[in-house]
Amino acid sequence: MTKREAILRAAELIGTELEADKLGRYIDQLDMRAQIDIFGIDVSECRASEDVLVLPPPYDEAYCYYAAAQVNFEREEYELYNNLYSRCQQLYSAYARYYNRNRNPDKHKVSGLW
């Protein structure tokens, strides 16, 4: 998913495109957080993407949910915030597990017990 696609999808979730700049900043926050948390990139080397975001499909919907959740938090729409943030967290955590499991599969094998 590109950053622009994520902004448009998040705008659909909140019902307006008037907050595109704000949505873009929130998408950048999650993208840089993924670079640090999942891929282990140093904070000083993180860069906001202008094109393709780091989370692949189907996990990339996390960007839309995160950005929409943050706007709803600012609007004090806490029930919407909780629902959207929960969806974001599910996708983000699922990708982190997938990435860690497949990046170094030997790490997860049980050995030395017999």
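Residues numbered from 1 in each chain as written. Predicted model: local features only at pLDDT ≥ 70, side-chain atom pairs only at ≥ 80, totals over all residues. Heavy atoms only, no water.

J.: Mind showing me how you'd approach the packing of helix α1 (residues 3-14) against helix α3 (residues 61-74) here?
T.: For the pair α1 and α3, interaxial distance at closest approach is 8 Å and the crossing angle is 45 degrees. Comparing their axes, α3 and α1 come out oblique. Between α1 and α3 lies a crossing of right-handed hand. From α1, A6, R9, A10, L13 and I14 reach across to α3, where they touch E61, Y63, C64, Y65, A67, A68, V71 and N72. Partitioning the contact of α1 with α3 into residue classes produces ten nonpolar, one polar and two charged. (Axes fitted to C-alpha atoms, helices over the stretch in contact; angles between N-to-C directions. Helix = DSSP H or I, 4+ residues; strand = E, 2+ residues; numbered from the N terminus. Parallel < 35°, antiparallel > 145°, perpendicular 65-115°, else oblique. Left-handed = near helix turned anticlockwise from the far one by under 90°. Contact = heavy atoms within 4.5 Å. Nonpolar A, V, L, I, M, F, W, Y, C, P; charged D, E, K, R; others polar.)

J.: Help me understand the environment of R75, please; the structure alone is not making it clear to me.
T.: Looking at the secondary structure, you find R75 in the loop between α3 and α4 (78-103). In this structure, R75 is in contact with I14, T16 and E19, ignoring residues within four places of it in sequence. Polar contacts involving the side chain of R75 include one to the main-chain carbonyl oxygen of I14, which spans 3.4 Å. Within the local environment of R75, its side chain forms a polar contact with the side chain of E19, the two groups lying 3.3 Å apart. (Polar contact = N/O pair within 3.5 Å; in protein donor to acceptor, adjacent residues only side chain to side chain.)

J.: Any chance you could explain the pattern of salt bridges here in plain terms?
T.: Once the charged atoms of two side chains with opposite charge are near each other, the side chains can pair. Applying the stated criterion across every chain, the model contains seven salt bridges. A salt bridge links E61 to R9; the nearest nitrogen and oxygen atoms lie 3.2 Å apart. Placement of E61 in helix α3 and of R9 in helix α1 is noted, with a sequence separation of 52 residues between them. Using a relative accessible area of 22% as the deciding quantity, one classes E61 as partly exposed. (Salt bridge = Lys/Arg side-chain N within 4 Å of Asp/Glu carboxyl O. Buried < 20%, exposed > 50% of the residue type's maximum accessible area, 1.4 Å probe, protein only.)

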